Amino acid sequence: MAPRWRYLLAEVGMGLRRNLLMTLATVVTVTVSLALLGVGMLIRTQVDLARTILFQEVEVSIFLLDSVTEQQRADFEKELTNNPQVESVIYESKEQAYEHAQQIFADDEAVLDAIEPDDLPASFRVSLVNPENFDVVRSQYVEYPGVDEVVDQRDTLDRFFALMNQVRRGAIVVAIFQLIAAAALIANTIRITAFARRDQTGIMKLVGATNWYIRLPFILEGIAAGVAGALLAGGLLLLGMVTLVSGMREQIQFVPFIGIPQVLAVLPWLVAIGGGIAAIAAFLSLRRFLDV
Amino acid sequence: MIRLDNVSKTYKNNVIALRDVSVNITKGEFVFLVGASGSGKSTFIKLLIKDEEPDDGDIIVAGKRLRNLRNWRVPSLRRELGCVFQDFKLLPNKTVFENVSFALEVIGKPRALINRTVPEVLQLVGLGHKFEAYPHELSGGEQQRVSVARAFVNRPRILLCDEPTGNLDPTTSVGIMKLLDRINRTGTTVVMATHDQHIVDSMRRRVVELQDGEVVRDQSRGVYGYGA
């Protein structure tokens, strides 16, 4: 079917060139909407990744009073180790806590200056067999001699994750509105193209070309715009990944960050959604304005 | 080949285009459809290519009962019909050859067949020397010949012509009529809507006259007006 392919390519190319501005507007809208959608999807991946890893590392912190005696500390550690609810125990002394803080805030002079070696409490970092049993563990130890506070670190993280999820939902809602706008633009572009080519389509109908044969160049034109937008959105996401997340990765070392592989994993979805919505918009536009 | 049984058609704006029309056209006939503007000639043709639907009555074209013909089957009906119009409907950015080959390309005919049949049909219509010309470089008569070539290139069983000489001067019209006559002699059924009295009178073929959507005369070897 060599002539047929040549015909299709020529038609699609001509259609895109004919309304360059309109095509540009369409592609940009598709790009922005899909980039937002991609951000939403990536935030989810990020949160899931951080949640899994951080929850493994940090579950419960039991902060000790500065007045705790060596004996109390040793008894308490034994008590924790023997508790069947507890999976592992790591002791962090005041000195270690200070060193840890210095690592975390290595780039932040102001914080470094503000922290004195004596400021941070010693703590046990405890991971539980079942993290859901925090309340039981807390009530067991909160009155223990030498214990200051029992903190469920998941609370803190969950608040952070909840915030991230809000951002994600926001991004997706905006993305959906943008996608509707993109679909309308594609439908309109196709309408203009269809109008410009109505003589040709009229003859095609007259000589008995099938409806799909008539539709195909228009729909491919829409898909081309949709896929171009998706690829550009993928490029934007990669760019954002390289600049933004790499910076964050250096700043915040204890949180695992998603990387280029995760962006590449999102890309097929963007292409499918961009192409799919464009195809549907083009199809409906043709039904409405070309009667094919 | 073409059969209308008690066909009526009223447009949305309550204009009655056809009223209880029954006509039977057999294979190989040459039929003039005459009548004033607005008498229903164009509607008649549009119904045959299923561009419009009748409100009432039955239409059979090339063995297909149009009422039962699903939309996706309409292309197969149109491949058995050729259509020629008053305004030629040529694509201005395509050459003579491309305008004709387009009709075959878009129904998926192989390139080899296209390269064989298009020159043949262009020879037949007398444009064997103008393959590469563009429509705007041709006279009206030549443009209409291209249009006839395009309608005939797929060897349809029926050729429908809606005022094919309406934009042409009398001499040129005679040329087009000779061409249509030649095509008719190959066994192709030709239906031609016209109000060109000269042509109808000189050809002496079957005449179906419409007046306000009704058949008022159906006469073999007829002339344009009554009693001539």
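Basis of the calculations
Residues numbered from 1 in each chain as written. Chains lettered and ligands numbered in written order. Predicted model: local features only at pLDDT ≥ 70, side-chain atom pairs only at ≥ 80, totals over all residues. Heavy atoms only, no water. Helix = DSSP H or I, 4+ residues; strand = E, 2+ residues; numbered from the N terminus. Rg over C-alpha atoms; globule rule 2.2 N^0.38 Å. Buried < 20%, exposed > 50% of the residue type's maximum accessible area, 1.4 Å probe, protein only. Areas by Shrake-Rupley, 256 points an atom, 1.4 Å probe, with all protein chains shown as cover. Lys, Arg positive; Asp, Glu negative; His and termini not counted. Charge placed at Lys NZ, Arg CZ, Asp CG, Glu CD. Contact = heavy atoms within 4.5 Å. Expected span 1.5 Å × (residues − 1). Axes fitted to C-alpha atoms, helices over the stretch in contact; angles between N-to-C directions. Parallel < 35°, antiparallel > 145°, perpendicular 65-115°, else oblique. Left-handed = near helix turned anticlockwise from the far one by under 90°. Nonpolar A, V, L, I, M, F, W, Y, C, P; charged D, E, K, R; others polar. Pairing = 2+ DSSP bridges. Patch = residues over 30% accessible without salt bridge, like charges linked within 9 Å, V, L, I, M, F, W, Y side chains within 5 Å. Salt bridge = Lys/Arg side-chain N within 4 Å of Asp/Glu carboxyl O. 1 Å grid on protein atoms, 1.4 Å probe; cavity = no way out; pocket = protein on both sides within 12 Å on 5 of 7 lines; lining within 4 Å. Points joined across faces, edges and corners; volume = space filled by probe spheres on them. Domains from an automatic or database assignment. Buried area = accessible area lost by both parts, 1.4 Å probe. Polar contact = N/O pair within 3.5 Å; in protein donor to acceptor, adjacent residues only side chain to side chain. Phe/Tyr/Trp six-rings, centres within 6.5 Å; stacked < 30°, edge-to-face > 60°.

## Thoughts on the overall build of chain A
Helix and strand content of chain A: 10 helices and 4 strands. Its C-alpha atoms give chain A a radius of gyration of 29 Å, clearly above 19 Å, the size a compact globule of 292 residues would have. Expressed along its principal axes, the backbone C-alpha trace of chain A runs to roughly 100 × 40 × 30 Å. Every one of the 292 residues in chain A was classed for burial, and the buried ones make up 41%. Entry remark: accessible area of chain A is about 15,700 Å², with carbon and sulfur atoms responsible for 63%. For chain A, the separation between the mean place of its 23 positive charges and that of its 32 negative charges on side chains is 27 Å.

## Regarding the overall build of chain B
Per the secondary structure count, chain B includes 7 helices and 10 strands. Radius of gyration (C-alpha) of chain B: 17 Å, near the 17 Å computed for a compact globule of 228 residues. Overall size of chain B, expressed as C-alpha extent along the three principal axes, is 45 × 45 × 35 Å. Taking all 228 residues of chain B together, 54% fall into the buried category. Relative to all contacts within chain B whose residues are 6 or more apart in sequence, the contacts with residues 24 or more apart total 67%. For chain B, the accessible surface area stands at approximately 10,300 Å², while carbon and sulfur atoms represent 46% of it. Each charge class in chain B can be summarised by its mean position, and for the 33 positive and 27 negative side chains these summaries are 6 Å apart.

## Topic: helix 4 (residues 111-124) of chain B
Residues and elements named next belong to chain B. Across its 14 residues, helix 4 extends 20 Å between first and last C-alpha, which sits within 8% of the 20 Å expected from 1.5 Å per residue. Buried residues of helix 4: Ile114, Thr117, Val118, Pro119, Val121 and Leu122, and no others. Close packing links the buried residues of helix 4 with helix 3 (96-105) and helix 5 (140-152). Just downstream of helix 4, glycine 126 is the residue with a positive phi angle, here 85°.

## Considerations on the packing of helix 9 (residues 211-251) of chain A against helix 10 (residues 260-289) of chain A
Residues and elements named next belong to chain A. Orientation of helix 9 relative to helix 10, taken along the N-to-C sense of each, is 150°, at an axis distance of 7 Å. Taken together, the axes of helix 9 and helix 10 lie roughly antiparallel to each other. Our pair here, helix 9 against helix 10, has a crossing hand that is right-handed. Of the residues belonging to the contact of helix 9 with helix 10, the class tally is 23 nonpolar, 5 polar and 1 charged.

## Thoughts on the sheet that holds strand 4 (residues 147-152) of chain A
Sheets are built from strands paired through backbone hydrogen bonds, the pairs being either parallel or antiparallel. Residues and elements named next belong to chain A. The strand order 2-3-1-4 describes an open sheet built from 4 strands, whose pairing is antiparallel. The sheet terminates laterally at strand 2 (86-92) and strand 4, the two strands that pair on one side only. The mean angle between the axes of side-by-side strands here comes to 20°, regardless of whether they run parallel or antiparallel. Contacting strand 1 (60-64), strand 3 (123-128) and strand 4, helix 6 (residues 134-141) runs over the sheet at an angle of about 175° to strand 4. Each of strand 1 and strand 4 touches helix 7 (residues 153-196); the most contacted strand, strand 4, lies at about 40° to it.

## Remarks on a nonpolar patch on the surface
Residues Leu21, Leu24, Val28 and Val32 of chain A make up a contiguous nonpolar surface patch of about 390 Å² in total accessible area. Turning to its location among the elements, valine 32 of chain A is positioned in helix 2 (residues 20-57).

## As for empty space enclosed by the protein
Under the counting rule described, the total for this entry stands at 3 cavities of 30 Å³ or more. Of the voids in this model, the largest cavity is the one considered here, and its volume is about 140 Å³. What lines the largest cavity is a set of 15 residues, and nearest its centre among them are Val207 of chain A together with Leu81, Gly82, Arg150 and Ala151 of chain B. For the lining of the largest cavity, the secondary-structure elements that each account for two or more residues are strand 6 (81-85), helix 3 and helix 5 of chain B. Of all the elements, strand 6 of chain B adds the most residues to the lining of the largest cavity, at 3 residues.

## Comments concerning the domain arrangement of chain A
Domain annotation for chain A reports domain 1 (3-54 + 158-289) and domain 2 (59-152). Distance between the C-alpha centres of domain 1 of chain A and domain 2 of chain A: 49 Å.

## Here's the deal with the interface of chain B and chain A
Contacts between the two partners involve 15 residues from chain B and, on the opposite side, 13 residues from chain A. Carbon and sulfur atoms make up 69% of the area that chain B and chain A hide from each other, which totals about 1,400 Å². On the chain B side of the interface with chain A, the three residues burying the most area are Arg78, Phe102 and Val106 of chain B, jointly 34% of the side's total. Counting every contact that joins chain B to chain A gives 0 salt bridges. Where chain B packs against chain A, one counts 2 residue pairs in polar contact (both at pLDDT 80 or more). Secondary-structure elements contributing two or more residues to the side of chain B that touches chain A are helix 2 (74-78), strand 6 and helix 3 of chain B. At 3 residues, helix 3 of chain B tops the list of elements feeding residues into the side of chain B that touches chain A.

## Some remarks on the packing of aromatic side chains
All names here are of chain A. Applying the stated criterion across every chain yields a total of 8 aromatic pairs over all chains. Between tyrosine 141 and tyrosine 144, the ring centres sit 5.9 Å apart and the planes meet at 75°, which makes this aromatic pair edge-to-face. On the basis of relative accessible area, tyrosine 141 is assigned to the buried category, the value being 1%. For tyrosine 144, a relative accessible area of 25% puts it in the partly exposed group.

## Observations concerning the pattern of salt bridges
Residue and element names in this part refer to chain B. If you walk through the whole model with that rule in mind, you get 22 salt bridges over all chains. The shortest N-O distance in the salt bridge between aspartate 58 and arginine 65 comes to 2.3 Å. One salt bridge in this structure joins aspartate 58 and arginine 67, with 3.2 Å as the shortest N-O distance. Among the residues examined, aspartate 58 registers a relative accessible area of 17% and is labelled buried.

## Remarks on unusual backbone geometry
Residue and element names in this part refer to chain B. In this structure, asparagine 6 takes a positive phi of about 50° despite not being glycine. Along the chain, asparagine 6 falls in strand 1 (residues 2-10). Not every positive phi belongs to a glycine, and arginine 155 is a case in point at roughly 50°. Tracing the backbone through its elements, the reader meets arginine 155 in the loop between helix 5 and strand 7 (158-162).

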